[in-house]
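Working through the structure, step by step
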Amino acid sequence: MAEERLPYPEKTVAQQAVLTTAAGGTAEEAELMVGGIGQFPRAEKPVRRRSFGRWFADTGWRHLIAVVVSLFAIFPLLYVLSASLNSNGTLIGSNRLFGEFSFDSYVRMLTNPDVPYPMWFLNTMIVAVVTGFTMVFIGALAAYAFSRMRFAGRRVGLITIVVVQMFPQLLAVVAIFLMMTAIGDWFPAIGLNTLSGLILIYLGGALGVNTYLMYGFFNTIPKELDEAAKIDGAGHARIFFTIILRLVAPILAVVGLLAFIGIVNEYVIASVMLIDPDKKTLVVGLTQLVSNPRYADWSAFSAGAVMAAIPVVVLLLLLQLYLVGGLTAGATKG
């Protein structure tokens, strides 16, 4: 006797019965009605739209705060950009944003012989790049020593580095001025009114918070890598330059960016160290443009500030991939 062929051999007998009897139709129609799974479909619940008050209480207030904070942060930037495009040279004429579009201030800053802005810009880039690179290198060496080596006074040294940074730079201005004046009598190349002397002063504070920040990141690198390299005959120098530096690139980028921004914006020590107009940095030179309230050229000042921000923005865009990882990875293990 030939075996009866079921219309849906992959389903159970109970599912066959449901499929063939549902709605009194054929098996194909029944399966279409019940969704093909041997069960009757469930009724869909109507979607209830939340009221505006409930939405605002749940998540809407966050959007409002984000908009207010964004406007608070963006408005000064727009105001400075608008003031740089105003040829009147006053801030009162810039109260109406972008009421006038003129590049006279930019041309005046770049071509005025009494305002050596290109030289200020070049001096700032030289000091910031050299100081930032050297700060990263010195800080990485110190962080590697504190992280991988064990020696007497290690913990005290870490605490001392952080505590010393708590004192403001203003306390050391007089001592720095007298010291650089005395050094300039013997070594004029690194004395007062020199970029090299200013760089050396900045490097004196290289072992600060940056070292402690890199120290936390270095601790996240497995020490097994060092041990494997030592088995192969590598010393500390080779391990540091060939293995560790490649793995800590995010924190190096963060420290380099912070050092670069800090040097570009530094005013106190630079104003004491640099005297000649062609030796000044951007912050010192631009401040002189508005130091006299009667003859303050705020339009030129704003134009110079906008051009000075370009290198910082470019560097930030180039290093943005490393910023989040570099700032957060070192916080998980001390």
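Residues numbered from 1 in each chain as written. Predicted model: local features only at pLDDT ≥ 70, side-chain atom pairs only at ≥ 80, totals over all residues. Heavy atoms only, no water.

**Brief notes about the overall build of the chain**
- Secondary structure assignment for the chain yields 16 helices and zero strands.
- By the burial criterion, 36% of the 334 residues in the chain qualify as buried.
- Counting only contacts in the chain whose residues sit at least 6 apart along the sequence, the fraction spanning at least 24 positions is 64%.
- In the form shown here, the chain has an accessible surface area of approximately 21000 Å², with 68% of it arising from carbon and sulfur atoms. (Helix = DSSP H or I, 4+ residues; strand = E, 2+ residues; numbered from the N terminus. Buried < 20%, exposed > 50% of the residue type's maximum accessible area, 1.4 Å probe, protein only. Contact = heavy atoms within 4.5 Å. Areas by Shrake-Rupley, 256 points an atom, 1.4 Å probe, with all protein chains shown as cover.)

**Remarks on the packing of aromatic side chains**
- In this structure the tally under the stated criterion is nine aromatic pairs.
- Ring geometry for Phe103 against Tyr106: centres 6.0 Å apart, planes inclined by 50°, an arrangement best described as tilted. (Phe/Tyr/Trp six-rings, centres within 6.5 Å; stacked < 30°, edge-to-face > 60°.)

**Overview of the layout of surface pockets**
- A volume near 710 Å³ is recorded for the largest pocket.
- Looking at the largest pocket, it is lined by 27 residues, and the ones nearest its centre are Gln165, Gln169, Tyr202, Gly204 and Gly205.
- Looking at the lining of the largest pocket, the elements with two or more residues in it are α7 (173-186), α8 (195-203), α9 (209-218) and α12 (249-265).
- Of the residues assigned to the lining of the largest pocket, the class counts are 18 nonpolar, eight polar and one charged.
- Along its surface, the second largest pocket is lined by 15 residues, and Gly132, Phe133, Val136, Leu252 and Gly256 are the ones closest to its centre.
- Going through the elements one at a time, α5 (117-148) and α12 are the ones with two or more residues in the lining of the second largest pocket. (1 Å grid on protein atoms, 1.4 Å probe; cavity = no way out; pocket = protein on both sides within 12 Å on 5 of 7 lines; lining within 4 Å. Points joined across faces, edges and corners; volume = space filled by probe spheres on them. Nonpolar A, V, L, I, M, F, W, Y, C, P; charged D, E, K, R; others polar.)

**Re the environment of Leu178**
- Tracing the chain through its elements places Leu178 in helix α7.
- Classification of Leu178 by relative accessible area gives exposed; the value is 54%.
- Spatially, the C-alpha atom of Leu178 lies 9.3 Å from that of Leu192, the residues being 14 residues apart in sequence.

**Focus: the nonpolar core**
- Met214, Phe218, Ile244, Val248, Ile251 and Leu252 are the most contacted members of the largest nonpolar core, which totals 27 residues.
- Elements represented by at least two residues in this core include exactly α5, α6 (154-164), α9, α11 (236-247) and α12.
- Residues Ala128, Tyr202, Leu203 and Val264 belong to the second largest nonpolar core, which totals 23 residues. (Core = buried A, V, L, I, M, F, W, Y, C linked by side-chain atoms within 4.5 Å.)

**Some thoughts on the packing of helix α3 (residues 52-84) against helix α15 (residues 298-318)**
- In contact at an axis separation of 7 Å, α3 and α15 are set at 120° when each is read in the N-to-C sense. Taken together, the axis directions place α3 and α15 in an arrangement best described as oblique. The chirality of how α3 crosses α15 is left-handed. On α15, the residues touching Val80, Leu81, Ala83 and Ser84 of α3 are Ser299, Ser302, Ala303 and Val306. (Axes fitted to C-alpha atoms, helices over the stretch in contact; angles between N-to-C directions. Parallel < 35°, antiparallel > 145°, perpendicular 65-115°, else oblique. Left-handed = near helix turned anticlockwise from the far one by under 90°.)

**Side note on the side chain of Ser302**
- Locating Ser302 in the fold gives a position in helix α15.
- In this structure Ser302 comes out as buried when scored by relative accessible area, which is 5%.

**Looking at α9**
- Of all the 10 residues making up α9, seven are buried; the element is thus mostly covered by neighbouring parts of the structure.
- Within the sequence span of α9, burial applies to Asn210, Thr211, Met214, Tyr215, Gly216, Phe217 and Phe218.

**As for the confidence of the model for the chain**
- Per-residue pLDDT for the chain has a mean of 79; in total, 80% of the residues score no lower than 70.
- Contacts from residues 29-41, a stretch scored under 50 in pLDDT, to residues over four places away or in other chains number 22 contacts. (pLDDT = per-residue confidence, 0-100.)

**Remarks on α11**
- Taking 1.5 Å per residue as the helical rise, α11 with its 12 residues ought to reach 16 Å, and the 15 Å between its terminal C-alpha atoms agrees with that figure.
- For α11, the full list of buried residues reads Ile239, Phe240 and Ile244. Looking straight down α11, one finds its buried side chains confined to an arc of 95°; they lie on one side. When the buried face of α11 is taken as reference, the exposed residues oriented beyond 90 degrees from it are Arg238 and Arg246. (Expected span 1.5 Å × (residues − 1). Arc of directions from axis to C-beta.)

**What about empty space enclosed by the protein?**
- Per the stated rule, a full pass over the model turns up one cavity of 30 Å³ or more.
- The space that makes up the largest cavity amounts to roughly 40 Å³.
- Looking at the largest cavity, the residues that line it are Thr124, Val127, Leu198, Tyr202, Ile263, Val264, Glu266 and Thr281.
- Among the secondary structure elements, those contributing two or more residues to the lining of the largest cavity are α5, α8 and α12.
- Across the lining of the largest cavity, the residue classes tally to five nonpolar, two polar and one charged.

**Re the pattern of salt bridges**
- This structure, assessed with the given rule, holds one salt bridge.
- Notably, a salt bridge pairs Asp226 with Arg148, separated by 2.7 Å at the nearest N-O pair. Here the residue Asp226 occupies a position in helix α10 (residues 224-231), and Arg148 occupies one in helix α5, the gap between them amounting to 78 residues. Arg148 carries the same exposure label as Asp226, and that label is buried. (Salt bridge = Lys/Arg side-chain N within 4 Å of Asp/Glu carboxyl O.)

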